[in-house]
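So you can see what is in the structure, the chains are spelled out below.
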Amino acid sequence: MSFMDSILSGGGRPDVFNRQEGYCGMLLAIIAADGHFSQEEIIDFHSAIKKATILKGASADYIRKMIDKCLRTLDTKGMDELIRLSAEGLTPDVYEGVFATACDMVFSDGSVDAKEIAVMDKIKAALKINDQFARDCAEVFKAKSAV
Amino acid sequence: MGLFSNMFGGGQAKPVSFNRQEAFMGFLLAVIAADGVITNEEILDFYSATNKAQVLQGLGQNDFKRIIDKLMGVLKKQGLGEMLTLCSLGTTPDMKNGVFAYCCDLVFSDNNVDPNEAKVMDRIKQLLNIDDAFAEKAGRIARAKASV
């Protein structure tokens, strides 16, 4: 493991997420919500991970391990625990950005499933997003999905 | 008109118009080209946007290449201002807010908004008649996403 990886890895503890894992966990939670990974969602996930400032300098191996950790948490502990651990790993300065990215992903395949709405509600509560910001996100991403 | 003008139609540019697909991609390219630098983040966002957009569904690789060639031709020969005007004429009212939101994402995608990019966004807002409230929301949300 490189120096940067060891700084970023959150010590490798399975029960604690760092900021990077928190971000990845929230995005994977929303992608997995309806039990179907669409091509659009995978492209959006890849783009979001590649672009994120908080993941600058992370190696491909680190990203793979981070995704594994999040998916293992989802498999063994369930969606609520994945969202709780992810929220705990995130810092307040990125709450709105993470929520907006997750919301964008919900609309990325042009359809919003009831299960995705339920997960978005949980993410909104976990990140303490105010109603107005959530409404604004829905309006903007709905407009994008009309293109 | 001289011999070669008659033969090749030179001298008089054929009037250009854009359909919805060309207009959407034209706006995205205009934002990317605005600061003269194409970043990795912008390419990722461009790829993501063109893959997702309903208006581009079913477009083959050849169609995609043809549209890019047409847009780049207009950009080189007629300039950014004219390209934006043509894009706005090809955009239908139902897609205006969404196109603007996509452009906002691209502007913030490398976390750095250049004055030239800001100018292009102002022009796009004006051409698409985007109201201030929606523009503010789209900009704020794109900025929040870029802060992660």
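Before reading on, note that the structure itself is shown above.
Residues numbered from 1 in each chain as written. Chains lettered and ligands numbered in written order. Predicted model: local features only at pLDDT ≥ 70, side-chain atom pairs only at ≥ 80, totals over all residues.

Caption draft 1: Molecular detail of the overall build of chain B. Along the backbone of chain B there are 7 helices and 0 strands. Along its sequence from the N terminus, chain B presents helices and strands in the succession α-α-α-α-α-α-α. Compactness check: chain B gives a C-alpha radius of gyration of 16 Å against a globular reference of 15 Å for 148 residues, within 12% of the reference. Seen along its three principal axes, the alpha-carbon backbone of chain B occupies a region of about 60 × 30 × 30 Å. (Helix = DSSP H or I, 4+ residues; strand = E, 2+ residues; numbered from the N terminus. Rg over C-alpha atoms; globule rule 2.2 N^0.38 Å.)

Caption draft 2: Expanded view of the packing of helix 5 (residues 79-89) of chain A against helix 7 (residues 114-126) of chain A. Residues and elements named next belong to chain A. The geometry of helix 5 relative to helix 7 is characterised by a closest axis approach of 10 Å and an angle of 30 degrees between their N-to-C directions. Here helix 5 is positioned roughly parallel relative to helix 7, judged by the angle of their axes. Note that helix 5 runs across helix 7; the crossing there is right-handed. Facing helix 5, whose interface residues are Met79, Asp80, Ile83, Arg84 and Ala87, helix 7 presents Val119, Lys122, Ile123 and Ala126. Considering only residue class, the contact of helix 5 with helix 7 consists of 6 nonpolar, no polar and 3 charged. (Axes fitted to C-alpha atoms, helices over the stretch in contact; angles between N-to-C directions. Parallel < 35°, antiparallel > 145°, perpendicular 65-115°, else oblique. Left-handed = near helix turned anticlockwise from the far one by under 90°. Contact = placed C-beta atoms within 7 Å. Nonpolar A, V, L, I, M, F, W, Y, C, P; charged D, E, K, R; others polar.)

Caption draft 3: Inspection of the interface of chain B and chain A at higher detail. Listed by partner, the interface residues are 26 residues for chain B and 26 residues for chain A. For the side of chain B that touches chain A, the secondary structure elements donating two or more residues are helix 3 (40-52), helix 5 (96-108) and helix 7 (132-146) of chain B. With 6 residues, the single largest contributor to the side of chain B that touches chain A is helix 3 of chain B. A per-class count over the side of chain B that touches chain A returns 12 nonpolar, 8 polar and 6 charged.

Caption draft 4: View of unusual backbone geometry. For Lys128 of chain A, which is not glycine, the phi dihedral falls at a positive 55 degrees. Taking the C-beta count within 10 Å as the criterion, Lys128 of chain A has 11 such neighbours and is therefore assigned exposed. A positive phi is found at Asn129 of chain B, a non-glycine position, where the angle reads about 55 degrees. Tracing the chain through its elements places Asn129 of chain B in the loop between helix 6 (115-127) and helix 7. (Buried ≥ 20, exposed ≤ 12 C-beta atoms within 10 Å, placed from the backbone.)

Caption draft 5: How the structure looks around the environment of Asn19 of chain B. Residues and elements named next belong to chain B. Structurally, the position occupied by Asn19 is in the loop between helix 1 (3-8) and helix 2 (20-33). Classification of Asn19 as exposed rests on a count of 12 C-beta atoms within 10 Å. Separated by 48 residues in the primary sequence, Asn19 and Ile67 have C-alpha atoms spaced 10.0 Å apart.

Caption draft 6: A look at the environment of Ala118 of chain B. Its location among the elements puts Ala118 of chain B in helix 6. For the pair Ala118 of chain B and Ala34 of chain B, spaced 84 residues apart in sequence, the C-alpha to C-alpha distance is 8.8 Å.

Caption draft 7: Quick peek at the nonpolar core. Ranked by internal contacts, the top residues of the largest apolar core, which has 85 residues, are Leu27, Ile30, Ala102 and Ile123 of chain A together with Leu28 and Cys103 of chain B. If near-sequence neighbours (up to four positions away) are discounted, Ala102 of chain A is found in contact with Met26, Leu27, Ile30, Met120 and Ile123 of chain A. (Core = buried A, V, L, I, M, F, W, Y, C linked by C-beta atoms within 7 Å.)

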